[in-house]
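So the chains spell out like this:
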Amino acid sequence: MALVTLTERTPAHRAYQTIFWVLGIAMLLYIPWFADKPARIDQFTQVVCYAVAIMALNLVIGFSGQISLGHSAFVGLGAYTTIILVADHNWSYFSTIPLAFVLTFACGFLIGLPALRIRGLYLAVVTLAAATVFPTLVLKYGDFTGGPNGKQSSSRLLPPDWSPLDPKSRFGPVAYRYFLCLFIGALLFVVARNLMRSRVGRALIAQRDNQTSAATSGVNLPVYRTLIFGLSAGIAGIAGSLLMIETPQATDTKFGVNLAIFMVVALVLGGIASIPGAIPAGLIFVFVPYYTRNWSDNISWLGNRPGAGAISGVFYGLLLIVFIFVLPGGVMDGIHRVKARLIKVIPNPVWLPKDHAEVVIGDEPASPFPEMVTEPTDSDLTATTTRGSE
Amino acid sequence: MKKHRWVVPTTLLVSAGLIAAACGGDNKSSGGAAATTTATTAAATATTAAAGAATTAGGATTSAGASGSTQEGPVIPAAGSGKYGQDPNNKNLYVGPSGFQIDTTKCPSDWNINQGITNSEIDVFASYPKSGPLAGFALLYDGMQAYYDYVAQNGGIDGRKIVLTGKDDQYAPASTKTNSDEALAANKYAAFNTMLGTPNNLGIWDDTNRECMPQLLNGTGAAQWGDVENHPWTTGMQLDYFSEAGLWVSWLKQKFPNGAKVASITFNNDFGQSYVKGFKHYIQGTNIQLVGDFDHDPTAPNIDNQYTSAAATNADVLLLQTTGTYCTQGMADVEKGSWHPTVIMSGTCGSLNQFFQPLIQEGLTGKNTYLIQTFKDPNDPANANDPIVTTYKQVMQKAGLDATKTTYFTGFIFAWFMTEILKEAASYKGGLNRANIMLAARAIQQTNPTLIAGLQSKMDGLKDAYLTEGGQMVKYNVTDPKQLGTFVPDGPLINNEGKLGTYATVSKSG
């Protein structure tokens, strides 16, 4: 039994929601002071950037059901667009973001075209090609991209005059970049969340679960499937631009196949088909490899031994396996389970038809992919009709 | 629809994330750093990074022999010269060689000139790959720490011990940046001591220069480390590829007094292109002519096409400005073909076991290939009685490390320079502090015993920002085609020491 039972849309429910929102936002804003050291703040900025990239990936994998292993290329393309324009053409960081979006959107759209014909593993292979080719292209056109030395800019984004942050301090610029990335990231999260709750999102989920029935219901499959690929690539491109705001250096190795694969891994760990799942995914992406590296450095029985550091890769792998066993639905699944234990939200009886039977909601949260594996039962149908009446 | 079901998860998660990050806290790197234990776990031989970034200086064999040093006792740098240091009239100004100055008022207000330096210790930091494909380079730091321990046993830096703290970056520039940021914020290191990788160092050098953190002896052959004007706090160590090409030209001028036509096969990345730039720069005004340069991709399966094109030029000289297995392929192509140019190969391909041994299996030898050597090879029998080599072997044995792995010796090379810098700085006016360390890094002038006898490596303030600029052209000599041959010196030592100047020269040669 849950600790608290709330009725949907009652003042009590609203109050809980408001408290959580306020607390959540306050926490996000407090991070620079909490992290204190510039290096740690920068890591949180990276979390924001990668969370955006992983959220974008989730639109394709989680919501539209197409596997992409090529998103590292889109992040990289966005990053290189920004850094080349800033370093070589004196653009401002902000003005590069729309261009990065447009370019990556176009590329994503083009790569989305084969996705119309192929599915599953085959699509994964095609997109993997994009991830593999990207670093090679960077090296190939070294005059333009900086080749293996990478492209870096020594001009960094500083707090504007009106902000209370001191551009000359060590804290000011780093915190400013965090807030900036957080703001843009939050905006993208809101857009994605609203989009997935709109007609577009429902159409995407419908075609993910059953293409034929979605098409029968009037969902234009080719349009949705290619557009979502483009949109996802575009958001990933913005994530790349944000990464350049955080650290203005792009190298071929930063945007290789490793990034693509670890983004998918982080996505699964965070919670597939869940927009907020990208936040734990971003934390995992940045902090887990960082701490496994440091831990393995400090293990006494291995420490100071030549080659001891190599164990960090093993730790990282083990951790991921354990995670998958313990929380197959990802962090978000775990959170939903905990939440279900603590707070139960029941539909407001006012909205139910008069002759409706009592609604029973269990403690277990819904699986992120309920429809994919099971046929809807009668009770599911009843629930749908009754709960969709708002 | 449940509209707000993700509010709670989000907040919970953020808090969980914060807690997780907080729990990590400060990473107390393992005190004395990587050293002294058995070397069984390491998959160790460092491969030459194809990116051309961090190439080890070891790995080549020579019979050049003749150990020049007659030093007895511990093989450590001599006491400092005491020539430079704090200006008597302005305590914030530190005056070094050839116009090089440090004005400490330009450093951050909370900058501590004595940071990382106590009466018993000097703390230095490095970020390098301990894990990942280039983890073999970690041995370099074990070699360094082993030498530092040896120095400490022989008096140290006025009784101080050098303590190297290392952190893993898997050779990823983004991780190097994080490690560097943390080290800068830790307020406990006197200097950064040899970071590996060109992009890795480029990614942090704006930070180190802003924070007035000496970023010394970068382990990469990029020419940028000579940018003393814009990045006074950053220095390199090894012979850069630009200069190596210059040594080739010096040698070719003697070998071909009537001029020569040269063709080249080039690894198409920054590493290969550095050779091209350098070669073109140095042949200006000579009768040596570059008749064709043929690039190959970093991922090319072989360089047969490039060889065919180069052969069509019928040039007198072929430059193999590449590395790894492409060197072996290039030598094989030449030996099998009817075109017999003088072949000069990148010094990164000097390892007999790695690059010449495979030829024997093909019934080839690679004989008469030329390359530049700069540092001694501890495995060469001719060096067996050289004091630095005997010291190296003793130190390695004591530390339980395998002396035949030349990457450890490369660590000795770096560590010797670092020790000299610190000893020199300790002798300056104002005593051992970070400003004097930076002056000393620009005033290196002792003869490093790891260099081939007769070579010198110097730094001279604003005049000469490159440490290693000389080398010995050696020829691969084969007596028994079934056995590995040896390198024999060809021509005099070429010492271009001081000729390159600073990065301004290189960047102008575009």
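Residues numbered from 1 in each chain as written. Chains lettered and ligands numbered in written order. Predicted model: local features only at pLDDT ≥ 70, side-chain atom pairs only at ≥ 80, totals over all residues. Heavy atoms only, no water.

Draft legend 1. Structural detail: the overall build of chain A. For chain A, the count of helices and strands is 16 helices and four strands. With 390 residues in all, chain A has 50% of them scored as buried. Here the analysis covers contacts within chain A between residues at least 6 apart in sequence; of these, 77% occur between residues at least 24 apart. Surface accessibility of chain A: about 17,900 Å² in total, with carbon and sulfur atoms responsible for 69%. (Helix = DSSP H or I, 4+ residues; strand = E, 2+ residues; numbered from the N terminus. Buried < 20%, exposed > 50% of the residue type's maximum accessible area, 1.4 Å probe, protein only. Contact = heavy atoms within 4.5 Å. Areas by Shrake-Rupley, 256 points an atom, 1.4 Å probe, with all protein chains shown as cover.)

Draft legend 2. Main features of the overall build of chain B. When its secondary structure is counted, chain B shows 13 helices and 16 strands. Here the contacts in chain B between residues at least 6 apart in sequence split such that 75% fall between residues at least 24 apart. Surface exposure of chain B reaches about 17,700 Å², of which carbon and sulfur atoms provide 49%.

Draft legend 3. Main features of the pattern of salt bridges. Evaluation of the coordinates by the stated rule reveals 13 salt bridges over all chains. The shortest N-O distance in the salt bridge between A:Arg170 and B:Asp110 comes to 2.7 Å. Linking A:Arg170 in the loop between strand S2 (151-152) and helix H7 (171-197) with B:Asp110 in the loop between strand S3 (101-103) and strand S4 (121-128), this pair reaches from one chain into another. Of the residues examined, A:Arg170 reaches a relative accessible area of 36% and is grouped as partly exposed. For B:Asp110, a relative accessible area of 48% translates into the label partly exposed. One network of salt bridges, with partners in common, ties together A:Arg170, B:Asp110, B:Lys177, B:Asp181, B:Asp207, B:Arg210 and B:Glu211. (Salt bridge = Lys/Arg side-chain N within 4 Å of Asp/Glu carboxyl O.)

Draft legend 4. Focus on helix H5 (residues 120-140) of chain A. All names here are of chain A. Helix length check: H5 (21 residues) gives 31 Å between terminal C-alpha atoms against 30 Å at 1.5 Å per residue, within 8%. Taken residue by residue, H5 has Leu123, Ala124, Thr127, Ala130, Ala131, Phe134, Pro135, Val138 and Leu139 as its buried positions. Residues of H5 that are buried sit in contact with helix H3 (71-89), helix H4 (93-112), helix H6 (142-145), helix H10 (221-246) and helix H11 (257-270). (Expected span 1.5 Å × (residues − 1).)

Draft legend 5. Seen up close, unusual backbone geometry. Of note in the backbone geometry, A:Asn90 takes a positive phi value of approximately 55° without being a glycine. Locating A:Asn90 in the fold gives a position in the loop between H3 and H4.

Draft legend 6. Looking closely at the packing of H3(A) against H11(A). Residues and elements named next belong to chain A. It is the contact of H3 with H11, at a shortest axis distance of 7 Å, that shows an interaxial angle of 115°. For the pair H3 and H11, the sense of crossing is right-handed. From H3, His71, Ser72 and Val75 reach across to H11, where they touch Leu259, Ala260 and Met263. Among the residues forming the contact of H3 with H11, the class breakdown is four nonpolar, two polar and no charged. (Axes fitted to C-alpha atoms, helices over the stretch in contact; angles between N-to-C directions. Left-handed = near helix turned anticlockwise from the far one by under 90°. Nonpolar A, V, L, I, M, F, W, Y, C, P; charged D, E, K, R; others polar.)

Draft legend 7. Region of interest: a nonpolar patch on the surface. Residues and elements named next belong to chain A. A cluster of nonpolar side chains, namely Trp21, Val22, Ile25 and Leu29, defines an oily patch on the protein surface of about 360 Å² accessible area. Along the chain, valine 22 turns up in helix H1 (residues 11-35). Using a relative accessible area of 51% as the deciding quantity, one classes valine 22 as exposed. (Patch = residues over 30% accessible without salt bridge, like charges linked within 9 Å, V, L, I, M, F, W, Y side chains within 5 Å.)

Draft legend 8. Expanded view of the confidence of the model for chain A. In this model, chain A carries a mean pLDDT of 85, and residues with pLDDT of at least 70 account for 87%. In this model residues 370-390 of chain A is a low-confidence stretch, pLDDT under 50, and it forms 14 contacts with partners more than four residues away in sequence or in other chains. (pLDDT = per-residue confidence, 0-100.)

Draft legend 9. View of the nonpolar core. Ranked by size, the top nonpolar core spans 83 residues in total, and within it A:Met55, A:Leu59 and A:Phe255 carry the most contacts. When residues in this core are grouped by element, the largest group, 17 residues, is from helix H2 (residues 38-63) of chain A. What A:Leu59 contacts, discounting residues up to four positions off in sequence, is A:Ser64, A:Ala192, A:Met196, A:Ile228, A:Leu231, A:Ser232, A:Ile235 and A:Ile275. Membership of the second largest hydrophobic core comes to 76 residues, among which are B:Ala146, B:Ala190, B:Ala403 and B:Leu422. (Core = buried A, V, L, I, M, F, W, Y, C linked by side-chain atoms within 4.5 Å.)

Draft legend 10. Seen up close, the side chain of A:Thr292. With respect to the helices, strands and loops of the structure, A:Thr292 is situated in helix H12 (residues 278-298). Here the side chain of A:Thr292 touches A:Pro289 through a polar contact of 3.0 Å, landing on its backbone oxygen. (Polar contact = N/O pair within 3.5 Å; in protein donor to acceptor, adjacent residues only side chain to side chain.)

Draft legend 11. Region of interest: the sheet that holds strand S7 (residues 215-218) of chain B. Residues and elements named next belong to chain B. An order of S5-S4-S6-S7-S8 is seen for the five strands of this open sheet, with the pairing classed as parallel. The open sheet is flanked by strand S5 (161-168) and strand S8 (234-236), the only strands paired with a single partner. Within the sheet, the average angular offset between the axes of one strand and its neighbour, ignoring direction, is 25°. As paired elements, strand S6 (residues 191-193) and S7 share two bridges and run parallel to each other. Within the sheet, the bridge partner assigned to asparagine 193 lies in S7 and is leucine 216. Where helix H2 (residues 138-153) meets the sheet, it contacts S4, S5 and S6, and its direction lies at approximately 165° from that of S5. Sitting on the sheet, helix H3 (residues 173-185) touches S4, S5 and S6, and the angle it makes with S4 is about 160°. (Pairing = 2+ DSSP bridges.)

Draft legend 12. Geometry of the sheet that holds strand S1 (residues 85-86) of chain B. All names here are of chain B. Within the open sheet, the three strands sit side by side as S1-S2-S3. Their pairing is antiparallel. For this open sheet the edge positions go to S1 and S3, each flanked by a neighbour on one side alone. Pairing between S1 and strand S2 (residues 93-95): two bridges, direction antiparallel. Bridge pairing in S2 links glutamine 86 to tyrosine 94. Lying over the sheet, helix H12 (residues 434-441) contacts S1, S2 and S3, oriented at roughly 25° with respect to S2.

Draft legend 13. Structural view of the state of the cysteines. Scanning the model with the defined rule gives two disulfides over all chains in all. Note that B:Cys327 is cross-linked by a disulfide to B:Cys349, the S-S spacing being 1.8 Å. Classification of the bridge connecting B:Cys327 and B:Cys349 rests on its S-S torsion, roughly 50°, and on that basis the disulfide is right-handed. Taken together, the residues span a long stretch of sequence, with B:Cys327 in helix H8 (residues 325-336) and B:Cys349 in the loop between strand S12 (342-345) and helix H9 (352-361) at a distance of 22 residues. An identical accessibility class is assigned to B:Cys327 and B:Cys349; each is buried. The structure places no disulfide on A:Cys49, whose sulfur is separated from the nearest cysteine sulfur, that of A:Cys181, by 4.3 Å. Residue classification places A:Cys181 among the buried residues on the basis of a relative accessible area of 0%. (Disulfide = S-S within 2.5 Å.)

Draft legend 14. How the structure looks around the packing of aromatic side chains. Under the counting rule described, the total for this entry stands at 30 aromatic pairs over all chains. Grouping aromatic residues by their ring pairs yields a cluster made of B:Tyr147, B:Tyr150, B:Tyr392, B:Phe409 and B:Phe412. (Phe/Tyr/Trp six-rings, centres within 6.5 Å; stacked < 30°, edge-to-face > 60°.)

Draft legend 15. Examining the environment of B:Tyr128 more closely. Its location among the elements puts B:Tyr128 in strand S4. Considering only alpha carbons, one finds B:Tyr128 and B:Gly471, 343 residues apart in sequence, at a separation of 27 Å.

Draft legend 16. Up close: the confidence of the model for chain B. Residues and elements named next belong to chain B. Here chain B averages 83 in pLDDT, and 85% of its residues register 70 or above. For residues 18-70, every residue scores under 50 in pLDDT, and the model assigns this stretch 151 contacts once sequence neighbours within four places are set aside. Interface confidence for the predicted complex, expressed as ipTM, amounts to 0.80; the pTM equals 0.79.

Draft legend 17. Quick peek at the pairing of strand S11 (residues 317-321) of chain B. Residues and elements named next belong to chain B. The buried fraction of S11 amounts to five of the five residues, a majority that puts the element mostly inside the structure. Covered by surrounding structure in S11 are Val317, Leu319 and Gln321 together with Leu318 and Leu320, the residues of both alternating faces. Here strand S9 (residues 260-267) runs beside S11; their pairing, made up of five bridges, is parallel. Bridge pairing in S11 links valine 262 to valine 317. With four bridges joining them, S11 and S12 adopt parallel strand pairing. When the sheet's bridge partners are listed, valine 317 is paired in S12 with threonine 342.

Draft legend 18. Highlighting the environment of B:Glu497. Residues and elements named next belong to chain B. Position of glutamate 497 among the secondary structure elements: in the loop between strand S16 (494-495) and helix H13 (503-508). Counting along the chain gives 42 residues from glutamate 497 to leucine 455, while the straight-line C-alpha distance between them is 8.8 Å. Engagement of the side chain of glutamate 497 in a polar contact is seen with the backbone nitrogen of lysine 458, the distance being 3.3 Å.

Draft legend 19. Expanded view of helix H4 (residues 198-210) of chain B. Look at H4(B): 19 Å from first C-alpha to last across 13 residues, which is about the 18 Å you get at 1.5 Å a residue. With eleven of 13 residues buried, H4(B) is to be regarded as a mostly interior element. Those residues of H4(B) that sit buried are B:Thr198, B:Pro199, B:Asn200, B:Asn201, B:Leu202, B:Gly203, B:Ile204, B:Trp205, B:Asp207, B:Thr208 and B:Asn209. Looking at the buried side of H4(B), the elements it contacts are S2 and strand S3 (249-250) of chain A together with H3, S6, S7 and S8 of chain B. A positive phi of about 55° marks B:Cys212, the residue just after H4(B).

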